[in-house]
Amino acid sequence: MRRDRHGRGLRGPLYPASLPAAASRAERFDTLVLDALEPIEARWRDQLTKLDVAVDDVPEVRKGQAPAQTDGVLHDGAVPLSRLVPAGVDRTGMPTRARIVLYRRPLEARAKDPADLAELVHEVLVEQVAGYLGVEPDVIEGGD
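Residues numbered from 1 in each chain as written. Predicted model: local features only at pLDDT ≥ 70, side-chain atom pairs only at ≥ 80, totals over all residues. Heavy atoms only, no water.

**So, the nonpolar core**
1) Next: Core analysis: the largest hydrophobic core is formed by 25 residues, its most contacted members being Ile-40, Leu-102, Leu-107, Val-121 and Leu-125.
2) Next: Looking at this core, the elements that each hand over two or more residues are helix 1 (25–44), strand 5 (79–85), strand 8 (98–103) and helix 3 (114–133).
3) Next: No other element matches helix 3, which puts 8 residues into this core.
4) Next: For Ile-40, the contacting residues outside a window of four places in its chain are Leu-48, His-122, Leu-125, Val-126, Val-129 and Ile-140. (Core = buried A, V, L, I, M, F, W, Y, C linked by side-chain atoms within 4.5 Å. Buried < 20%, exposed > 50% of the residue type's maximum accessible area, 1.4 Å probe, protein only. Helix = DSSP H or I, 4+ residues; strand = E, 2+ residues; numbered from the N terminus. Contact = heavy atoms within 4.5 Å.)

**Here we look at the sheet that holds strand 5**
1) Next: Spatial ordering of the open sheet is given by 3-8-5-4, a layout of 4 strands whose pairing is mixed. The two strands at the open ends of the sheet, each matched to only one other strand, are strand 3 (51–56) and strand 4 (73–76). In this sheet, adjacent strand axes meet at a mean angle of 15° when their direction is disregarded.
2) Next: Note: strand 5 against strand 8, 4 bridges, orientation antiparallel. Residue pairing in the sheet places Ser-82 in a bridge with Leu-102 of strand 8.
3) Next: On top of the sheet, helix 1 reaches strand 3 and strand 8; it is set at about 150° to strand 3, its chief contact. (Pairing = 2+ DSSP bridges. Axes fitted to C-alpha atoms, helices over the stretch in contact; angles between N-to-C directions.)

**What to know about the pairing of strand 4**
1) Next: As defined by bridge partners, strand 4 adjoins strand 5 across 4 bridges and the pair is classed as antiparallel. By the bridge assignment for strand 5, Asp-76 is matched with Val-79.
2) Next: Where strand 4 folds back onto strand 5 in an antiparallel hairpin, the turn is made up of 2 residues, including Gly-77, whose phi is positive at roughly 70°.

**Looking at a negative patch on the surface**
1) Next: Among the surface-exposed residues, Glu-119, Glu-123, Glu-127, Glu-136, Asp-138 and Glu-141 lie close enough to one another that they form a single negatively charged patch.
2) Next: Residue assignment for the negative patch shows that the elements contributing at least two residues are helix 3 and helix 4 (137–141).
3) Next: Ranked by residues supplied to the negative patch, first place goes to helix 3 with 3 residues.
4) Next: Structurally, Glu-123 can be placed in helix 3. (Patch = residues over 30% accessible without salt bridge, like charges linked within 9 Å, V, L, I, M, F, W, Y side chains within 5 Å. Areas by Shrake-Rupley, 256 points an atom, 1.4 Å probe, with all protein chains shown as cover. Salt bridge = Lys/Arg side-chain N within 4 Å of Asp/Glu carboxyl O. Lys, Arg positive; Asp, Glu negative; His and termini not counted. Charge placed at Lys NZ, Arg CZ, Asp CG, Glu CD.)

Laid out in structure tokens, this is it:
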């Protein structure tokens, strides 16, 4: 800690790192995704070993991109909420793993409160994992 340049007192963090308020919105969202993924991963661990889950702030939209190029994208109207990227090969020729990408800001914009956001993230993950495994979302939820 040091004094600020105007001599008004010690500078330091506003909240201690141990308090929830110290986490950014992105960090809280990441925690929410991990919490939503945990029960799915516990049940389907063997089938999900080659799947990664990632979070982006907003979807990347390229100019002139045709609307038909939306395989694996879960939409709410015209706005993508998540994308399932299949395994493949990157630009350098290295193999890539399948990946579910959740878009934080569109999901947050559709939620009324934190509980609604948690439910929405869970629903999106269930839909995308079901798409990845080629099963119905009800199977992922718990029904065989």
